[in-house]
Amino acid sequence: MHKTLKALTLTGYVAALGYVVLLIQFAMLLPQQSKPLPSQVDGVVVFTGGSNRIETALSLLEDGLNVPVLISGVHPAVQEDDLLKEVTDSNLSYITLDYKSLSTRDNAQMTKQWANANDLKKVGVITSHYHMPRSLLYLKRANLTQTIHPMAVFPERMPISFLVREFHKYLLTRLHIL
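Since the structure is predicted, the reported quantities are computational estimates derived from the model, not experimental observations.

## A word on the overall build of the chain
Across its full length, the chain carries 7 helices and 5 strands. Taken from N to C terminus, the helices and strands of the chain fall in the order α-β-α-β-α-α-β-α-β-α-β-α. Judged by the C-alpha coordinates and their principal axes, the chain covers about 75 × 35 × 30 Å. In the chain, 80% of the contacts between residues at least 6 apart in sequence involve partners at least 24 apart. When the accessible area of the chain is evaluated, it comes to approximately 10,700 Å², of which 59% is carbon and sulfur surface. Side-chain charges of the chain comprise 17 positive and 14 negative groups, with the mean position of each set lying 21 Å from the other.

Dropping the structure here:
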C-alpha cells in the first residue's frame, strides 16, 4: 500500500508539472501586442464574444479600409440597428452579420464560406489575444485557401479565469475533443 501511495503521489506531481508546462506554452502562443492588418487584406472577419473586437473592425472601416467585413457569431438577441448604429451609411454595405455561428468552429466554417463567396485572397481575423490560438487552429482545420492575417485585440480587463478556460478549450481542440 505504501508503494502505491508513493506512485500515486509521484504521478500527481508529474501531472501537475505537465499541466503547468502546457499552460506556460499556451501563454507563450498568445500575441503580446496587436499588429495592424496589412493594407492589402481584401476582407476582415470578426469572431465575436469579447470586448473591443467589433469596435476594432468598425474603426478600420471608418479609417478607410474599404473591404468586406464579416461579423461572425452575432448573438440572436442583438439587433442589427443597435450593433451598427455608429456605422456611416457608406460603410454599411461592406458589413455582413452572421447570426448562425454558435462556436469558434462555426466561425471558422462561416469564414471559409464567406471568403470563398466573396473571392477573397487575404483575410484579416480579429479576435481577442487569448482566443487567437484556438481561432487560428480552427481556421487551419477548415482548410481555408486564403492567407490569414491575425489581429489580436486586448480586453480592458481579463480575469485569469478567462485565460485558464481558454487554455482548457485550446487543449480540447488540439486533442480533437472540442
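Now, onward.
## Points about the side chain of Thr56
Summarising the element assignment, Thr56 is placed in helix H2 (residues 53–62). Residue Thr56 is classed as buried on the basis of its relative accessible area of 16%. In contact with Thr56, other than residues within four places in its own chain, are Ile126, Met151 and Val153.

## Concerning the packing of helix H5 (residues 104–117) against helix H6 (residues 132–141)
Where H5 meets H6, the closest approach of the two axes is 9 Å, and the angle between their N-to-C directions is 50°. When the axes of H5 and H6 are compared, the pair comes out oblique. Between H5 and H6 the crossing geometry is right-handed. Counted together, Thr104, Arg105, Ala108 and Thr111 of H5 and Arg134, Ser135, Tyr138 and Leu139 of H6 form the full contact between these two elements. Residue classes in the contact of H5 with H6 are distributed as 3 nonpolar, 3 polar and 2 charged.

Quick notes on the rules
Residues numbered from 1 in each chain as written. Predicted model: local features only at pLDDT ≥ 70, side-chain atom pairs only at ≥ 80, totals over all residues. Heavy atoms only, no water. Helix = DSSP H or I, 4+ residues; strand = E, 2+ residues; numbered from the N terminus. Contact = heavy atoms within 4.5 Å. Areas by Shrake-Rupley, 256 points an atom, 1.4 Å probe, with all protein chains shown as cover. Lys, Arg positive; Asp, Glu negative; His and termini not counted. Charge placed at Lys NZ, Arg CZ, Asp CG, Glu CD. Buried < 20%, exposed > 50% of the residue type's maximum accessible area, 1.4 Å probe, protein only. Axes fitted to C-alpha atoms, helices over the stretch in contact; angles between N-to-C directions. Parallel < 35°, antiparallel > 145°, perpendicular 65-115°, else oblique. Left-handed = near helix turned anticlockwise from the far one by under 90°. Nonpolar A, V, L, I, M, F, W, Y, C, P; charged D, E, K, R; others polar.

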